[in-house]
Amino acid sequence: MDLFNTVMNWVVPPASLVMLACSWPALFFINTCEWLYRSYYSEDMEDKVVIITGASSGIGEQIAYEYAKRKANLVLIARRELRLRGISEKASHMGAKNVIFMAADVVKEDDCRKFVNETINFFGRVDHLVNTATLGHTFYVEEVTDTAVFPHLMDINFWGNVYPTFAALPYLHRTNGRIIINAAVENWLPLPRMSLYAAAKAAVVNFYEALRYEMNGDVGITIATHGWIGSEMSRGMFRLEEGAEMQWIEEREVQASGSSVEEYAKLIVSGACRGDQYVKFPSWYDIFLLYRQFAPNVLNWTFRLLLARHSARRTSLVGTGRPTIEGSPPRKLLTSPTTKSPASPMQMQKLE
């Protein structure tokens with residue numbers, strides 16, 4: 001058996017690459033034809049019902065506006081009720097038929113059941129569930145002095161996707177609906193300072209890849225993967241509670257640069273309506289898959305070179321362009337109290 005595995009290790013990879021290279025033109029042609037067909041027969045979202053979690057800012061907010069332009073009925077979920085109120089008014093003006101919103105915590109299963117049940121009571125159906133609630137970080141594990149943040153990161157990034165999905169699945173089956181997930185390139189390309197975030201995103205993607213087979217086409221799943229984009233999360237506004245921020249104080253006002261959140265949101269909604277299994281923004285990140293699989297040392301050397309340039313790394317905020325402050329000691333992450341106010345009742349706003 002050892003000899004067999006040794007031979008297969010040498011034969012299978014190059015043989016597979018040759019087969020892929022030979023079949024690539026045909027696969028590209030087939031995929032292009034499928035894309036054109038799905039684009040022509042894209043799902044009409046008028047009067048359809050869309051639940052969006054994490055809708056109070058960033059990607060979730062922009063996705064709400066994209067669905068509003070398609071005249072969908074929206075259910076906006078987040079912890080910040082005041083933000084949701086303003087977004088719901090704007091979405092109504094942009095074309096949403098009806099907009100309802102609710103302050104809820106997606107890491108609480110009861111809250112998820114509540115907003116799904118309220119949606120069914122009001123609209124009688126769910127067509128799309130869009131999970132965008134996420135929580136990122138930019139710290140090295142060794143510089144953390146308060147590990148209380150660890151379960152929060154895993155809860156929001158993993159269970160914050162699973163619980164809404166679990167609550168909505170019975171109703172999505174009835175409409176042959178779709179689940180849309182906001183993932184990140186870190187789910188397969190782990191980057192420094194994002195270890196827990198990368199682990200949680202990898203868990204989320206694998207969960208939905210397995211769920212896709214379980215659904216057997218009855219419920220569609222679109223996994224959207226993004227690289228660095230200019231969102232609220234990338235600007236340091238990491239929220240654990242209403243009005244509480246999980247961040248380093250002096251990084252509060254750092255402005256991050258990145259690709260357009262609006263463009264990413266438009267791609268997500270367009271892809272979901274076409275029935276795409278994957279949406280990638282930008283798509284050139286895929287080249288790193290080849291490096292990870294066939295030349296992992298190249299990625300290792302690259303990261304080492306990047307880290308070598310910032311030997312005093314404690315205060316760097318990767319991706320924002322902020323310079324490193326040499327000689328600074330590790331800083332403690334600020335976390336909020338674990339107590340939360342009860343979720344507010346669902347608010348309703350209709351477009352007259």
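Described below are features of the structure shown in this document. Treat the numbers as computed from the prediction; the structure is a model and nothing was measured.

Bringing the layout of surface pockets into the picture now. Taken as a whole, the largest pocket encloses approximately 1,100 Å³ of empty space. Forming the walls of the largest pocket are 26 residues, and the residues nearest its centre are Trp24, Asn31, Tyr278, Lys280 and Asp286. Among the elements of the structure, helix 1 (2-40), helix 7 (261-274), strand 9 (278-281) and helix 8 (287-294) are those that each provide at least two residues to the lining of the largest pocket. At 11 residues, helix 1 tops the list of elements feeding residues into the lining of the largest pocket. In the lining of the largest pocket, the residues fall into 13 nonpolar, 7 polar and 6 charged.

Orientation of helix 5 (residues 149-175) relative to helix 6 (residues 195-215), taken along the N-to-C sense of each, is 15°, at an axis distance of 8 Å. Comparing their axes, helix 6 and helix 5 come out roughly parallel. In this structure, helix 5 meets helix 6 at a crossing whose hand is right-handed. Of the residues in helix 6, those in contact with Phe150, Leu153, Met154, Asn157, Phe158, Asn161, Val162, Thr165, Leu169 and His173 of helix 5 are Leu196, Tyr197, Ala200, Lys201, Ala203, Val204, Phe207, Tyr208, Leu211 and Met215. Here the contact of helix 5 with helix 6 is built from residues that sort into 15 nonpolar, 4 polar and 1 charged.

All right, on to unusual backbone geometry then. The backbone phi angle of asparagine 176 is positive, close to 50°, even though this residue is not glycine. One can find asparagine 176 in the loop between helix 5 and strand 5 (178-184). Exposure remark for asparagine 176: the relative accessible area of 54% places this residue in the exposed category. Phi is positive for asparagine 216, which is not a glycine, with a value near 55°. Position of asparagine 216 among the secondary structure elements: in the loop between helix 6 and strand 6 (220-226).

Cut-off values and rules
Residues numbered from 1 in each chain as written. Predicted model: local features only at pLDDT ≥ 70, side-chain atom pairs only at ≥ 80, totals over all residues. Heavy atoms only, no water. 1 Å grid on protein atoms, 1.4 Å probe; cavity = no way out; pocket = protein on both sides within 12 Å on 5 of 7 lines; lining within 4 Å. Points joined across faces, edges and corners; volume = space filled by probe spheres on them. Helix = DSSP H or I, 4+ residues; strand = E, 2+ residues; numbered from the N terminus. Nonpolar A, V, L, I, M, F, W, Y, C, P; charged D, E, K, R; others polar. Axes fitted to C-alpha atoms, helices over the stretch in contact; angles between N-to-C directions. Parallel < 35°, antiparallel > 145°, perpendicular 65-115°, else oblique. Left-handed = near helix turned anticlockwise from the far one by under 90°. Contact = heavy atoms within 4.5 Å. Buried < 20%, exposed > 50% of the residue type's maximum accessible area, 1.4 Å probe, protein only.

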